[in-house]
Protein chains: 2
Amino acid sequence: MIGCGAMGTALGLRLLGLSWEVRVYNRSPERTAPLRDAGASAHATPAEAVAGADWVATVLTDSAALRALLFCDQGIASVPAAGRRLVDLGTHQPAQLAALGAESAAAGWPLVEAPMTGSVHDASHGTLHFLVGGAEEDVEWASPLLWALGRGVHHLGGLGAGNTAKLALNLLVGVMAGGLGEAIALLRAHGLAVDSFLDALDGSGLASPLYRRLGQRYLDGDHAPRFSLANLEKDLRWECEHALASGLQPRLAPALCRLLGPLTEEAKRRDYSALIAHLAGEPSC
Amino acid sequence: MIGCGAMGTALGLRLLGLSWEVRVYNRSPERTAPLRDAGASAHATPAEAVAGADWVATVLTDSAALRALLFCDQGIASVPAAGRRLVDLGTHQPAQLAALGAESAAAGWPLVEAPMTGSVHDASHGTLHFLVGGAEEDVEWASPLLWALGRGVHHLGGLGAGNTAKLALNLLVGVMAGGLGEAIALLRAHGLAVDSFLDALDGSGLASPLYRRLGQRYLDGDHAPRFSLANLEKDLRWECEHALASGLQPRLAPALCRLLGPLTEEAKRRDYSALIAHLAGEPSC
């Protein structure tokens, strides 16, 4: 497991819970502590972590970080792949990921992309789904790892397809959060019972765990970051750029980008549930 | 039951199925046939239909139709209310509905608004929820009728509150349908597997019966109208106007209005699932 942020740590802990042997590397070594405490071995270089592993998975901030860990001194690509593939679980701009995949394959490591649906909670409970892109045989090779980590592996096409789908999914996260915010803003402008509206929504054909979760966090004033507004904005901007570059005329993604853009950096560090409070004000009860 | 369109008919049939006595009136008498065949009595004027009824419910196209049937010759208001209330189940512009409620109350008939979540299918199966507005005692009075017709009665505030909530809910219908359309458009621009994406969506925390239903109708090319794009556009325009009049700055509702506006009238007669096909093209498989 290369990358021990919140998601990488949760995924590593899940594998340890399934009695897998887990070898980890993180640029800041102190972040490997929770995994070491749970029985993983921590390594000083990517090459050392990769050397004895059956599968190599990366969860990093962006494509630049992935490229660095592939091609740096003592990087992943310095170790012979010997039939293995590199399974990247992060979210990337699809074109960048596809380009990086070509470089990685040329260095002997075919790449499989498998960005995730869900949060740390899903990673811990094995309820993630993976939006997978890559060649058929590479995806098959990666499947045992992915099925250990989640409950759904959806192969959408060649390299880039998984991250295209991930951005499309996060567009839906954005419109649902933004829509709920505009809906509740209207209710609050007229002094109406927000909790009753959320109950009715939950009983309707629109019901979604996302609405239930965001609605409750709004009512509780709980905006501790699970998925920050900054990350949502970044994914929406990528989705918007990707759609425009694909010759499409997106309407909702740009509207959301215009909505999120003016927020302060501090506001964007909050959970995306804070978008409801931003649009509708904090609940009075 | 005043108004025997698709919803009024389904609601009347449900009451007949519960062994209620149902008296109906419709401006075009031939539309009462399915209810007559099932045992309802049809009447020549609103006054006659209302005369012997315990509850009076209306499901009409708009506020003008409701006003006409209240105050026309032999209209509802020509009959003494004798403690009864008028329960309107349609969708209206909240300000118009509130004004009409004041007129109705002045004529002796306090109004309860109870616009519905869901479609004809929910009406038939008793799975509707009602977004209710009106005075507490009027809503209590209407409750036995509403609980017979659905499985949730959500009292949101005074007259106008129910329709404000209904428009807020339909904003969410709009953003979900529009968002799914933009998401699938992106997938299709890259030749990706739409059905796999829909599976992943259904396994994620965003999952919603609406996505499952719209996705399937898209894949099936089935756009027979349950909720037409024309009606969705009308509700979104009302929501947008209502938000602007409330001093809010809506972003998503206007973006959707700009998306739907240019469609032809013929295109707008199709089900709102046709929005996916409009944005993403018909599926090739």
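Residues numbered from 1 in each chain as written. Chains lettered and ligands numbered in written order. Predicted model: local features only at pLDDT ≥ 70, side-chain atom pairs only at ≥ 80, totals over all residues. Heavy atoms only, no water.

Asker: Explain the overall build of chain A residue by residue, including any values.
Answerer: When its secondary structure is counted, chain A shows 14 helices and eight strands. For 285 residues, the compact-globule formula gives about 19 Å, and the C-alpha radius of gyration of chain A, at 20 Å, lands near that figure. Principal-axis analysis of the C-alpha atoms places the extent of chain A at approximately 65 × 45 × 35 Å. Counting over 285 residues, chain A shows a buried share of 58%. Taking the intrachain contacts of chain A between residues at least 6 apart in sequence as the baseline, contacts between residues at least 24 apart amount to 68%. By element, 51% of the accessible surface of chain A is carried by carbon and sulfur atoms, the whole surface being about 10,800 Å². (Helix = DSSP H or I, 4+ residues; strand = E, 2+ residues; numbered from the N terminus. Rg over C-alpha atoms; globule rule 2.2 N^0.38 Å. Buried < 20%, exposed > 50% of the residue type's maximum accessible area, 1.4 Å probe, protein only. Contact = heavy atoms within 4.5 Å. Areas by Shrake-Rupley, 256 points an atom, 1.4 Å probe, with all protein chains shown as cover.)

Asker: Please provide a residue-by-residue account of the side chain of arginine 85 of chain A, values included.
Answerer: Residue and element names in this part refer to chain A. With respect to the helices, strands and loops of the structure, arginine 85 is situated in the loop between α4 (63-71) and β4 (86-88). For arginine 85, a relative accessible area of 12% corresponds to the buried category. Looking at arginine 85, its side chain comes within polar contact range of the main-chain oxygen of glycine 83, at 2.6 Å. At a separation of 3.4 Å, a polar atom in the side chain of arginine 85 contacts the side chain of glutamate 137. (Polar contact = N/O pair within 3.5 Å; in protein donor to acceptor, adjacent residues only side chain to side chain.)

Asker: Any details on the interface of chain B and chain A? Residues and values, ideally.
Answerer: With 56 residues of chain B at the contact, the number on the chain A side is 56 residues. Linking chain B with chain A are 19 residue pairs in polar contact (both at pLDDT 80 or more), by the criterion used here. Of all the secondary structure elements, the ones that give two or more residues to the side of chain B that touches chain A are β7 (128-133), β8 (150-157), α8 (161-189), α9 (194-203), α10 (209-220), α11 (229-245) and α12 (252-260) of chain B. Ranked by residues supplied to the side of chain B that touches chain A, first place goes to α8 of chain B with 19 residues. Here the side of chain B that touches chain A is built from residues that sort into 35 nonpolar, 15 polar and six charged. (Nonpolar A, V, L, I, M, F, W, Y, C, P; charged D, E, K, R; others polar.)

Asker: An account of the relation of the copies chain B and chain A is requested, with residue identities and associated values reported.
Answerer: Under the fitted operation, chain B is carried onto chain A by 0.0 Å of movement along the axis and a turn of 180 degrees, and the coordinates agree to an RMSD of 0.0 Å. The transformation relating the two chain copies, once decomposed into turn and shift, fits a two-fold axis. Identified as the residue of chain B closest to the rotation axis by C-alpha distance is serine 208 of chain B, at 2.4 Å. (Least-squares fit on C-alpha atoms with pLDDT ≥ 70 in both.)

Asker: Kindly report on the nonpolar core, identifying the contributing residues and their values.
Answerer: Grouped together as the largest cluster of nonpolar side chains are 93 residues, with contacts concentrated most on Leu180, Phe197 and Leu201 of chain A together with Leu180, Phe197 and Leu201 of chain B. The contacts of phenylalanine 197 of chain B, once residues within four sequence positions are left out, are Leu156, Ala165, Ala168, Leu169 and Leu172 of chain A together with Leu180, Ala183 and Leu187 of chain B. (Core = buried A, V, L, I, M, F, W, Y, C linked by side-chain atoms within 4.5 Å.)

Asker: I'd like to hear about the packing of aromatic side chains, residue by residue, with values.
Answerer: Residues and elements named next belong to chain A. A full pass over the atoms with the stated rule returns six aromatic pairs over all chains. Judged by centre distance (5.9 Å) and plane angle (50 degrees), the rings of tryptophan 55 and tryptophan 141 are tilted. Residue tryptophan 55 is located in the loop between α3 (46-51) and β3 (56-58), and its partner tryptophan 141 is located in helix α7 (residues 136-149); the two are separated by 86 residues in the primary sequence. By relative accessible area, which is 26% here, tryptophan 55 ends up partly exposed. A connected cluster of aromatic rings, assembled from ring pairs, spans Trp20, Trp55 and Trp141. (Phe/Tyr/Trp six-rings, centres within 6.5 Å; stacked < 30°, edge-to-face > 60°.)

Asker: So what's going on with the pairing of β8 of chain B? Residues and values would help.
Answerer: All names here are of chain B. As judged from the six bridges shared by β7 and β8, these two strands associate in the parallel manner. Of the residues in β8, the one forming a bridge with valine 132 is histidine 155. Running through helix α7 (residues 136-149), the crossover from β7 to the neighbouring parallel element β8 is right-handed. (Pairing = 2+ DSSP bridges. Right-handed = clockwise from strand over helix to strand, strands pointing away.)

Asker: Which residues make up empty space enclosed by the protein, and what values do they have?
Answerer: Residue and element names in this part refer to chain B. Applying the stated criterion across every chain yields a total of one cavity of 30 Å³ or more. Put simply, the largest cavity is a space of about 30 Å³. As for the largest cavity, its lining consists of Met1, Ile2, Arg23, Ala49, Val50, Ala53, Trp55, Val56 and Ala57. Elements represented by at least two residues in the lining of the largest cavity include exactly α3 (46-51) and β3 (56-58). Across the lining of the largest cavity, the residue classes tally to eight nonpolar, no polar and one charged. (1 Å grid on protein atoms, 1.4 Å probe; cavity = no way out; pocket = protein on both sides within 12 Å on 5 of 7 lines; lining within 4 Å. Points joined across faces, edges and corners; volume = space filled by probe spheres on them.)

Asker: Report on the layout of surface pockets, specifying residues and quantitative values.
Answerer: In this structure, the largest pocket encloses a volume near 1,400 Å³. Lining the largest pocket are 47 residues, and of these Met7, Gly118, Arg226, Phe227 and Asn231 of chain A lie nearest its centre. Elements with a contribution of two residues or more to the lining of the largest pocket: α1 (6-17), α4, β6 (116-117), α6 (120-125), α8 (161-189), α10 (209-220) and α11 (229-245) of chain A. Looking at the lining of the largest pocket element by element, the count peaks at four residues for α8 of chain A. Residue composition of the lining of the largest pocket, grouped by class: 18 nonpolar, 19 polar and 10 charged. By volume, the second largest pocket is sized at about 1,200 Å³. In this structure, the second largest pocket is lined by 42 residues; those nearest its centre are Met7, Val59, Arg226, Phe227 and Asn231 of chain B. Only α1 (6-17), α4 (63-71), β6 (116-117), α6 (120-125), α8, α10 and α11 of chain B provide two or more residues apiece to the lining of the second largest pocket.

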